[in-house]
Amino acid sequence: MGRIINRFTVRIAAGAVMLCSAAVGQAAPYTWTGSGTNGLWNNGANWTGGGLPTSGTHSVFYTGSNRLSGTVNGSYTLDRMQFNSTATGSYVITASNSITPAIQMRGDIINQSGLLQTIGGTTSPTRLRIDYGSGTATRLIDVGSGTIAFNAVIASSPNTTLVKQGSGVLDLSAGGSTQTFTGTLSLAAGQTNLIAALGSGVIETTNGATVNLNPSNGSNYTIGALFNSGTARVVNDVLVNGASVLNSGGTVEFKTLASDSVSLMTFTKPVTLGGGLFVDVVNTYPNATVTDSQPFKLFEYSEGATGSFATVTAKYDGTTLSFSQGVDPDNPDLWVSGTAPDGRYMTFNQLSGDLVVVPEPSTLALAGIGCALAGWQAFKQRRLRQRERW
């Protein structure tokens with residue numbers, strides 16, 4: 001009987017230990033109240049259940065609109081940061097100026113508020129660091145129908161995948177700080193604005209997602225590689241340092257500038273062409289001639305390009321022009337557009353990356369006839385001079 005009781009007691013004790021271990025492993029939830037005399041994260045009065053400890057893993061939630069500015073003044077480990085649907089204000093999570101605070105992010109960032117929520121502050125350079133760790137992980141950044149503005153340095157391993165979800169907007173801007181993101185940014189929906197360099201990170205876009213490559217400093221925007229099945233808008237020069245694929249179903253968009261220049265996308269490794277190309281040509285060029293055309297350099301390939309775009313279109317002089325490939329049998333990679341209202345048309349060579357505005361075909365024909373007549377006239381004059389000698 002004593003042995004039975006002892007065994008039963010041991011089993012109860014073991015079960016209690018397991019329950020305690022499970023409780024320790026679970027993340028403790030903290031909800032921001034902003035009821036303290038300041039907006040510091042380590043102020044217990046700002047959280048339900050007391051202060052947010054720097055030890056352990058926790059989940060933080062934002063509701064309401066009390067004290068919209070909070071300051072991270074330590075290092076914390078989170079498995080979730082969520083702005084609830086009950087959040088009625090736009091929060092700004094800043095960083096302390098005296099230290100470099102870090103959030104060890106081991107989970108997802110969710111915005112259910114439908115509003116703009118800012119992580120890292122609104123001024124630059126930011127000092128807040130979001131660290132996704134050195135292991136293999138897939139984390140969500142779900143903006144919902146709202147906006148998440150990242151003005152923080154993002155650190156990761158090459159095996160980290162950040163999946164952007166939601167129909168809203170994700171702004172990535174490190175505010176002048178150097179990004180150390182080396183993983184993959186997978187854009188599944190909505191719009192993403194890449195304003196700060198992403199380091200060696202890889203960009204993936206799926207059908208329905210749009211990425212604006214728009215560096216704020218006007219210099220090259222460097223990414224590790226591009227796998228585009230959505231829409232990639234090149235707003236400024238982009239340097240792609242890895243083998244890339246422009247998939248069918250995706251579109252690359254350019255827009256020329258009023259200064260008669262255009263952004264350049266440079267691939268330093270092999271690229272496979274596919275999908276669509278669209279160019280919005282802002283100005284018109286009525287003075288373009290055969291010998292003085294208007295060229296734009298869209299692509300540059302250091303190690304060549306294979307494949308072919310499926311469609312090429314351009315907006316010029318208020319009209320969207322469709323291009324046809326194979327018009328020139330001697331140059332199968334040349335695309336030729338229809339004629340614009342001002343009588344010009346365009347060509348695009350997908351292997352050289354050049355878009356050129358030239359006179360309409362009839363003008364070219366007249367130019368050819370003019371050259372032929374000039375040649376005939378010179379021939380006649382030579383014959384007359386020969387007769388005069390005789």
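For every chain, the first residue of the written sequence is number 1, and numbering continues from 1 onward in sequence order. Note on the predicted model: pLDDT of at least 70 is required for a residue's local features to be given, and 80 or more for side-chain atom pairs to be given and counted; whole-chain, interface and lining totals, by contrast, use all residues. By convention in this description, side-chain values take in all heavy atoms of the structure and omit both hydrogens and water.

Undergrad: Sorry, what's going on with the overall build of the chain here?
TA: Helix and strand assignments follow DSSP, with helices taken as H or I runs no shorter than four residues and strands as E runs no shorter than two, numbered in order from the N terminus. Across its full length, the chain holds two helices and 34 strands. Residue burial in the chain is summarised as follows: out of 390 residues, 44% are buried. Pairs of residues are marked as contacts when any of their non-hydrogen atoms sit within 4.5 Å. Contacts in the chain between residues at least 24 apart in sequence constitute 54% of all its contacts with a sequence separation of at least 6. Each accessible area is a Shrake-Rupley result for a 1.4 Å probe, and residues are judged covered by the shown protein chains and nothing else. Accessible surface, the chain: about 18,200 Å² in total, of which carbon and sulfur atoms supply 54%. Each residue is assigned to one of three classes by its accessible area relative to the maximum for its type, calculated with a 1.4 Å probe on protein chains only: buried under 20%, partly exposed between the two thresholds, exposed over 50%.

Undergrad: Help me out: how do you make sense of the nonpolar core in this one?
TA: In globular proteins that are soluble, nonpolar side chains generally tend to be buried together. Grouping buried Ala, Val, Leu, Ile, Met, Phe, Trp, Tyr and Cys residues that are joined through side-chain atoms within 4.5 Å yields what is termed a nonpolar core. Ranked by size, the top nonpolar core spans 78 residues in total, and within it Trp41, Met81, Phe150 and Phe299 carry the most contacts. With five residues, strand E4 (residues 75-87) is the single largest residue contributor to this core. In terms of nonpolar packing, the next biggest core, distinct from the first, is built from five residues, Leu334, Val336, Tyr345 and Val358 among them.

Undergrad: When you look at the sheet that holds strand E18 (residues 221-223) in this model, what are you seeing that I'm missing?
TA: Adjacent strands of a sheet pair through backbone hydrogen bonds, lying either parallel or antiparallel. DSSP bridges decide pairing: two strands pair if at least two such bridges lie between them. Taken together, four strands build an open sheet; the order of strands is E18-E21-E24-E28 and the sheet is parallel. Each end of this open sheet is capped by a strand with a single partner; those strands are E18 and strand E28 (299-301). The mean inter-strand angle of the sheet, taken between neighbouring strand axes irrespective of direction, is 15°. Pairing of E18 with strand E21 (residues 238-240), which is carried by three bridges, proceeds in the parallel orientation. Residue Tyr221 lies in a different strand from E21, and its bridge partner there is Val238. For helices, the axis comes from a line fit to the C-alpha atoms of the stretch in contact; other axes are also lines fit to C-alpha atoms, and the angle between any two N-to-C directions lies between 0 and 180 degrees.

Undergrad: So what exactly am I meant to see when it comes to the side chain of Asn349 here?
TA: By the element assignment, Asn349 lies in strand E33 (residues 344-349). Look at Asn349 and you get buried, because its relative accessible area is 18%. From its side chain, Asn349 meets the backbone nitrogen of Ser352 in a polar contact 3.2 Å long. In contact with Asn349, other than residues within four places in its own chain, are Asn331, Asp333, Leu334 and Asp354. The definition of a polar contact used here is a pair of N or O atoms within 3.5 Å, where within protein one atom must be able to donate a hydrogen and the other to accept one, and adjacent residues in sequence count solely through side-chain atom pairs.

Undergrad: I'm lost on the pairing of strand E10 (residues 147-150) in this one. Help?
TA: Sheet faces and side chains relate simply in a regular strand, where the side chains alternate between the two faces. Burial along E10 is two-sided: Thr147 and Ala149 and Ile148 and Phe150, pointing in opposite directions, are all buried. As judged from the four bridges shared by strand E7 (residues 116-119) and E10, these two strands associate in the parallel manner. By the bridge assignment, Leu116 is partnered in E10 with Thr147. The pairing of E10 with strand E13 (residues 169-172) spans four bridges and is classified as parallel. By the bridge assignment, Phe150 is partnered in E13 with Leu172.

Undergrad: Got a minute to help me understand the pattern of salt bridges in this structure?
TA: We count a salt bridge whenever a side-chain nitrogen from Lys or Arg sits within 4 Å of a carboxyl oxygen from Asp or Glu. Per the stated rule, a full pass over the model turns up four salt bridges. Among the salt bridges present, the one from Arg129 reaches Asp131, with a minimum N-O distance of 3.8 Å. Assessed through its relative accessible area of 30%, Arg129 is described here as partly exposed.

Undergrad: Before we go on, may I ask you to explain the environment of Tyr301 in this structure?
TA: Counting through the fold element by element, Tyr301 comes out in strand E28. With relative accessibility at 14%, the residue Tyr301 sits in the buried group. On a C-alpha basis, the gap between Tyr301 and Lys269 in space is 7.4 Å, while along the polypeptide they are 32 residues apart. With near-sequence residues (within four places) excluded, Tyr301 lies in contact with Phe267, Val271, Leu273, Gln350, Leu351 and Gly353.

Undergrad: I tried to follow unusual backbone geometry on my own but got confused; where do I start?
TA: Phi at Arg67 takes a positive value of approximately 50°, unusual for a residue other than glycine. Looking at where Arg67 falls in the secondary structure, it is placed in the loop between strand E2 (57-64) and strand E3 (69-72). A residue is classified by how much of its surface remains accessible, and Arg67, at 30% relative accessible area, is partly exposed.

Undergrad: Please explain the environment of Ser167 as it appears in this structure.
TA: Position of Ser167 among the secondary structure elements: in the loop between strand E12 (160-165) and E13. Under the relative-accessibility criterion, Ser167 is labelled exposed at 60%. Residues Ser167 and Ser145, 22 residues apart in the sequence, show an inter-C-alpha distance of 5.3 Å. Setting aside residues up to four positions removed in sequence, Ser167 forms contacts with Gly144, Ser145 and Gly190.

Undergrad: I keep staring at the confidence of the model for the chain and nothing clicks. Help me out?
TA: The predicted structure's coordinates, where accompanied by low pLDDT, should not be read in detail. Each residue carries a pLDDT score, the predictor's own confidence in it, on a scale running from 0 to 100. For the chain, mean pLDDT is 83; residues scoring 70 or higher make up 80% of the total. Low pLDDT (under 50) marks residues 1-26, which in the prediction has one contact with non-local residues, meaning those over four places away or in another chain. Across residues 362-390 the pLDDT falls below 50, and counting only partners more than four positions away or on other chains, this stretch makes three contacts in the model.

Undergrad: Could you clarify how one ought to interpret the pairing of strand E31 (residues 319-325) in this entry?
TA: Strand direction decides the pairing type here: strand E30 (residues 311-316) and E31, joined by four bridges, are antiparallel. Residue pairing in the sheet places Thr313 in a bridge with Ser322 of E31. Counting the residues in the hairpin turn of E30 and E31 gives two residues, including Asp317, whose phi is positive at 55°. In the sheet, E31 pairs with strand E32 (residues 334-337) via three bridges, with the strands oriented antiparallel. Note that in E32 the partner of Gln325 across the bridge is Trp335.

Undergrad: Would you explain the side chain of Ser113 in this entry?
TA: Within the secondary structure, Ser113 is located in the loop between strand E6 (102-111) and E7. Side chain to side chain, Ser113 and Asn111 meet in a polar contact 2.6 Å long. At a separation of 3.0 Å, a polar atom in the side chain of Ser113 contacts the side chain of Gln117.

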